[in-house]
Amino acid sequence: MSKYKPYKDYKVSNVDWLGDIPSHWICTNLKRYCNVTDGSHHSPKIQENGYPFISVTDVGINSINFEAAKKISEKDYIRLVKEGCKPKIGDVLLTKDGTIGRACIVDGDMQDFVILSSLGLLTPSDRLANRFLYYYLVSGINVDQMNSMIHGSALRRMTISKIDQLIVTFPPFNEQEQIANFLDHETAKIDILIEKQQQLIKLLKEKRQAVISHAVTKGLNLEALMKDSGVEWLGEVPEHWDTSKLKYLTTQIVDGAHFTPTYVDDGIPFLRVTDIHKKEIDLNNIKFIPKTEHEELIKRCKPIRGDLLLSKNGTIGVPKVVDWDWDFSIFVSLCLIKFNKKIDVNYAYYFFKTHEIQEQIFGQIKQSTVINLHLDKIAKFVFTVPPINEQKDIVEYLDEIIGKYDLQVIKAEEMNDLLRERRTALISAAVTGKIDVRNWQMPEVSEEEVA
């Protein structure tokens, strides 16, 4: 940000969080320069085909996902158009319920659609450029302003009256357009870098999974004699390996509590699917239950160090080795697996992260709104089973190489976080007059760049 200079003259905005603004800028409430409404306050019948009915979840970074949007009939569409739920070209949509502060400019290339009340519909006056308004709305400083207006509310919702009261600051129209041009160019460059990091992360994760799959289905010895596994999707495996259904490798496969227990502030940890996604269990962000209920639950399902937890509801197939000694119970969304001496728990953990196990999971479950992996299906999963000493060698190899992949993923994710922070800071600085871009010019594109 140091390469951009501030304006020469500033004045007091009389808004603490905004600070000083350029002396020729306006600082006022949004309602004075923008008409604010919202979409339909009732949901018409949804059908497979029809007109898009856009809600918060469909709005991205200055974009709308029409493919994922719900559809309504022509009759309902016409009625909602008459009720003022159809945006015009040049209007700005603002997510105001749940996820606060995403926005999108409606353009002529978009298909006809109507919106739900979770979206604000903003029509700026001829003194407020819609592109400048868009950047102001999504800026970090304005998102913070909106969050402060709903602080303490259980339901995250910006009403029309609250949007009307938003403090906005802006320069003359031509200068707004210049700022928008500058941000279009600069954020596009950052977005390209973010996308490259995203592609790198995707590639690293694909390579990581491929390495795991090869190690636990083909082994580490490239010269090992192979045999047909007898399983079509598995193909050949080392000649001295076995294949077995999971139920023959375990002493227990059981799920957790089939009821929601009593949650208390101080008690025994009670783990759910969301608690096992990270490398370490976050004890500051889990549920606790009374000791009496815990003792009742562990009569049927008692996890200990060396067991494996597997998510069976929601995000299914996520494994977690129990490598701690403190007492805990689990919810029905988790499955507890206790292994016999034929298989190492860490080898099983890696097998659960393979393409092969995903094929078995998604080939056996019924696709529905809530995905549920039944215990009898888990018991029928086919595993490759090397000798136990070879399993330990595979685990040691994977611990080392996967650790390297994980480190690369972490670095790429940290880079993306920095890029997003820079993007947010740049937008906030430009739309609040902290930097002066009036003399900025679009860089000329060389023939090499065009090619």
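Residues numbered from 1 in each chain as written. Predicted model: local features only at pLDDT ≥ 70, side-chain atom pairs only at ≥ 80, totals over all residues. Heavy atoms only, no water.

Enquirer: Would you take a moment to explain the sheet that holds strand 17 (residues 287-289) for this structure?
Expert: In any sheet, the strands associate via hydrogen bonds between backbone groups, in a parallel or an antiparallel arrangement. Pairing is mixed across the open sheet formed by three strands, whose spatial order is 17-16-20. A single partner strand is all that each edge strand has here, and the edge strands are strand 17 and strand 20 (329-330). Pairing geometry for strand 16 (residues 268-271) and strand 20, over two bridges, is parallel. Across the sheet, Leu271 pairs through a bridge with Ile330, a residue of strand 20. (Pairing = 2+ DSSP bridges. Helix = DSSP H or I, 4+ residues; strand = E, 2+ residues; numbered from the N terminus.)

Enquirer: Help me understand the environment of Gln252 in this model?
Expert: Assignment of secondary structure puts Gln252 in strand 15 (residues 250-255). Gln252 sits 90 residues away from Lys162 along the chain, and the two C-alpha atoms are 56 Å apart. Setting aside residues no more than four positions away along its own chain, Gln252 makes contact with Arg300, Leu336, Ile337 and Lys338. Looking at Gln252, its side chain comes within polar contact range of the main-chain oxygen of Arg300, at 3.1 Å. (Contact = heavy atoms within 4.5 Å. Polar contact = N/O pair within 3.5 Å; in protein donor to acceptor, adjacent residues only side chain to side chain.)

Enquirer: Where do I start with the packing of helix 5 (residues 173-218) against helix 10 (residues 388-431) in this structure?
Expert: Helix-helix packing is described using two parameters, namely the angle between the two axes and the distance between the axes. Closest axis-to-axis distance for the helix 5/helix 10 pair is 10 Å, and the angle between their directions is 170°. When the axis of helix 5 is compared with that of helix 10, the two are roughly antiparallel. Residues of the contact of helix 5 with helix 10, tallied by class, amount to 27 nonpolar, five polar and 10 charged. (Axes fitted to C-alpha atoms, helices over the stretch in contact; angles between N-to-C directions. Parallel < 35°, antiparallel > 145°, perpendicular 65-115°, else oblique. Nonpolar A, V, L, I, M, F, W, Y, C, P; charged D, E, K, R; others polar.)

Enquirer: Would you take a moment to explain the nonpolar core for this structure?
Expert: A general tendency of soluble globular proteins is for nonpolar side chains to be buried together. Leu30, Leu122, Phe132, Phe182 and Leu183 are the most contacted members of the largest nonpolar core, which totals 50 residues. Secondary structure elements with two or more residues in this core: strand 4 (34-38), strand 7 (92-95), strand 8 (103-105), helix 2 (130-138), helix 3 (140-149), strand 11 (167-170), helix 5 and helix 10. Tallying contributions element by element places helix 2 first for this core, with seven residues. Setting aside anything within four residues of it in sequence, one finds Leu122 in contact with Leu30, Cys34, Asn35, Val36, Asp91, Val92, Leu94, Leu133 and Leu137. (Core = buried A, V, L, I, M, F, W, Y, C linked by side-chain atoms within 4.5 Å. Buried < 20%, exposed > 50% of the residue type's maximum accessible area, 1.4 Å probe, protein only.)

Take it as geometry only, folks, not as evidence of what the structure does.
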